[in-house]
Amino acid sequence: MSEGSPSTPPKAVVLLSGGLDSACVLGLAQAQGFECVALTFDYGQRHRRELEAARDVARARNVRDHRVLKLDLRAIGGSALTSDLAVPKDRDEAAMTSRGPDAIPVTYVPARNLVFLSIAAGLAEVVGARDLFIGVNAVDYSGYPDCRPEFIEAFGRAANLATKAGVEGRGLRLHTPLISWSKARIIAEGVRAGVDLGLTHSCYDPDPRGLACGHCDSCLIRARGFRDAGVADPTRYAEARG
C-alpha cells in the first residue's frame, strides 16, 4: 500500500483502455484503497468504441480524475489497429496461444505498452502517485512481447532510473495483478470487485454500431473466458451467438 493519511487515500495511476482487463484492474486498485487517476489513450485506434467504454467504466467506478490523452500512433502504423491492415479472424486456439516472433499477430501495436507506461510514469510523478496499475496478461493473450513479466520488470527499473521521483527515493511501484491469471479468473475477480463487465469493450473490429465481431482473437478469448468462468457473457455481438 502507498503512503497516505487516514483522510487522504494514496493515489495510483491506472491505465484504462475500456477493455475487460483494464476495467478489472481499476476495480482491484480501488478495492485496495487507492484513489485512482485513470489514463486512457486516444492513439489512433481503428474505432472509437473502446474510448466510449473507458469513459463509461470510469464514470461507473466514480473516478474523479480520468484523463484521455491524444497520441497518434497511426503516424507509425505497423498494426491492424493503427492502419488499414485486416484484423485476423477465426484463428484457432493453437494459433492464438503459440509463442515466438513469428507468431505475433498483426494486431500487435509496436511499442504500445512501452509508450503508454512511460507517459503513465510521468503522470504518476506529477500527481504524486507512487503506484501504477496496468492490466497486462501473459496467459490468455495473443503473444504480445510487451505483456511479458520480463518487460514489466525491466520497465520498472528503467522508470525509477529516469524520473526525479525515482532518483529521490520515491520510486514507482508497478502493479500487474492479472499477469498470471486466466481470462476466467480475471472475469471472476472483476465480478467479485463489483465491476460492470457489460460496460467494457474488447473487440478489435466492431461494426459501425460498435457491436463486437465475435471472430477476432480478442472476442474469442473473451467469450471463452466467460464460458470458463460460468458467468453470463454481457457482450453485444453483431451476430447472434448460440
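To start, this report covers the structure provided alongside it. No experiment lies behind these values; they were computed from the predicted model shown. (Residues numbered from 1 in each chain as written. Predicted model: local features only at pLDDT ≥ 70, side-chain atom pairs only at ≥ 80, totals over all residues. Heavy atoms only, no water.)

**Overview of the overall build of the protein**
Put simply, the rule reads: Runs of H or I in DSSP of at least four residues are treated as helices and runs of E of at least two as strands, each being numbered from the N terminus. Between the two quantities, the radius of gyration covers C-alpha atoms and the globule rule is 2.2 Å times the number of residues to the power 0.38. Summary of the burial criterion: residues with accessible area below 20% of their type's maximum are buried, those above 50% are exposed, and those between are partly exposed, where the area comes from a 1.4 Å probe applied to protein chains only. Residues count as neighbours in contact if any of their non-hydrogen atoms are within 4.5 Å of one another. Computed with a 1.4 Å probe, the accessible areas rest on the Shrake-Rupley method; for each residue, only the protein chains presented here act as cover. The sign given to each residue is positive for Lys and Arg and negative for Asp and Glu; His and the chain ends receive no count. Throughout, a charge is located at the NZ atom of Lys, the CZ atom of Arg, the CG atom of Asp or the CD atom of Glu.
Scanning the protein from terminus to terminus reveals eight helices and five strands. Here the C-alpha radius of gyration of the protein, 17 Å, is about what a compact globule of 242 residues would show, namely 18 Å. Seen through its principal axes, the protein has C-alpha atoms that stretch 55 × 35 × 30 Å. Relative to its full complement of 242 residues, the protein shows a buried share of 51%. Relative to all contacts within the protein whose residues are 6 or more apart in sequence, the contacts with residues 24 or more apart total 75%. Element-wise, carbon and sulfur atoms account for 52% of the exposed surface of the protein, whose accessible area totals about 11,200 Å². Taken together, the 30 basic and 29 acidic charged side chains of the protein have centroids lying 4 Å from each other.

**Some remarks on helix 7 (residues 183-192)**
For helix 7, every residue scored as buried is listed here: Lys183, Ala184, Ile186, Ile187, Glu189 and Gly190. Buried-residue contacts for helix 7 involve helix 1 (20-31) and helix 8 (217-229). Phi turns positive one or two residues past the end of helix 7, at Gly194, with a value near 80 degrees.

**Focus: the nonpolar core**
Rule in force here: To qualify as a nonpolar core, a set must consist of buried Ala, Val, Leu, Ile, Met, Phe, Trp, Tyr and Cys residues joined through side-chain atoms within 4.5 Å.
Membership of the largest hydrophobic core comes to 38 residues, with the highest contact counts inside it found for Val13, Leu15 and Leu117. Those elements that place two or more of their residues in this core are strand 1 (11-15), strand 2 (35-42), helix 4 (112-127), helix 5 (149-162) and helix 8. For this core, the leading source of residues is helix 4, giving seven residues. Setting aside its immediate chain neighbours within four residues, Leu15 contacts Ser22, Leu39, Phe41, Phe116, Leu117, Ala120, Phe133 and Ile134. Core analysis: the second largest hydrophobic core is formed by 25 residues, Val25, Ala54, Phe133 and Phe226 among them.

**Brief notes about the packing of helix 1 against helix 7**
In helix packing, the relevant descriptors are the interaxial angle and the interaxial distance, both defined with respect to the helix axes. Defined as follows: Angular values range over 0 to 180 degrees, each being the angle between N-to-C directions of two axes fitted as lines to C-alpha atoms, with helices fitted over their stretch in contact. An angle below 35 degrees is read as roughly parallel, one above 145 as roughly antiparallel, one from 65 to 115 as roughly perpendicular, and any other as oblique. Crossings are classed by handedness, with left-handed meaning an anticlockwise turn of the near helix from the far one by less than a right angle and right-handed meaning a clockwise turn. Gly falls in the polar group here, along with every residue not listed as nonpolar (Ala, Val, Leu, Ile, Met, Phe, Trp, Tyr, Cys, Pro) or charged (Asp, Glu, Lys, Arg).
Relative to each other, helix 1 and helix 7 sit at 45 degrees, their axes nearing to 9 Å. With respect to helix 7, the element helix 1 is oriented oblique. Handedness of the helix 1/helix 7 crossing: left-handed. Two secondary-structure elements touch here, helix 1 through Leu20, Asp21 and Cys24 and helix 7 through Lys183, Ile186, Ile187 and Gly190. The class makeup of the residues in the contact of helix 1 with helix 7 is four nonpolar, one polar and two charged.

**A look at empty space enclosed by the protein**
Spelled out, the test is: Buriedness of a pocket was judged along seven lines, with at least five required to meet protein on both sides within 12 Å; pockets are open sets of points on a 1 Å grid over the protein atoms alone, cavities are sets where a 1.4 Å probe fits but cannot get out, and lining residues have an atom within 4 Å of a point. Grid points are joined across faces, edges and corners, and a volume is the space filled by probe spheres set on the points.
Evaluation of the coordinates by the stated rule reveals four cavities of 30 Å³ or more. Considering only enclosed or pocket space, the largest cavity measures out at about 820 Å³ in volume. Forming the walls of the largest cavity are 37 residues, and the residues nearest its centre are Ser17, Asp21, Arg112, Gly135 and Tyr204. Contributions of two or more residues to the lining of the largest cavity are made by helix 1, strand 2, helix 4 and helix 8. A volume near 60 Å³ is recorded for the second largest cavity. Those elements giving two or more residues to the lining of the second largest cavity turn out to be helix 4 and helix 6 (164-167). Tallied by class, residues from the lining of the second largest cavity come to five nonpolar, four polar and two charged.

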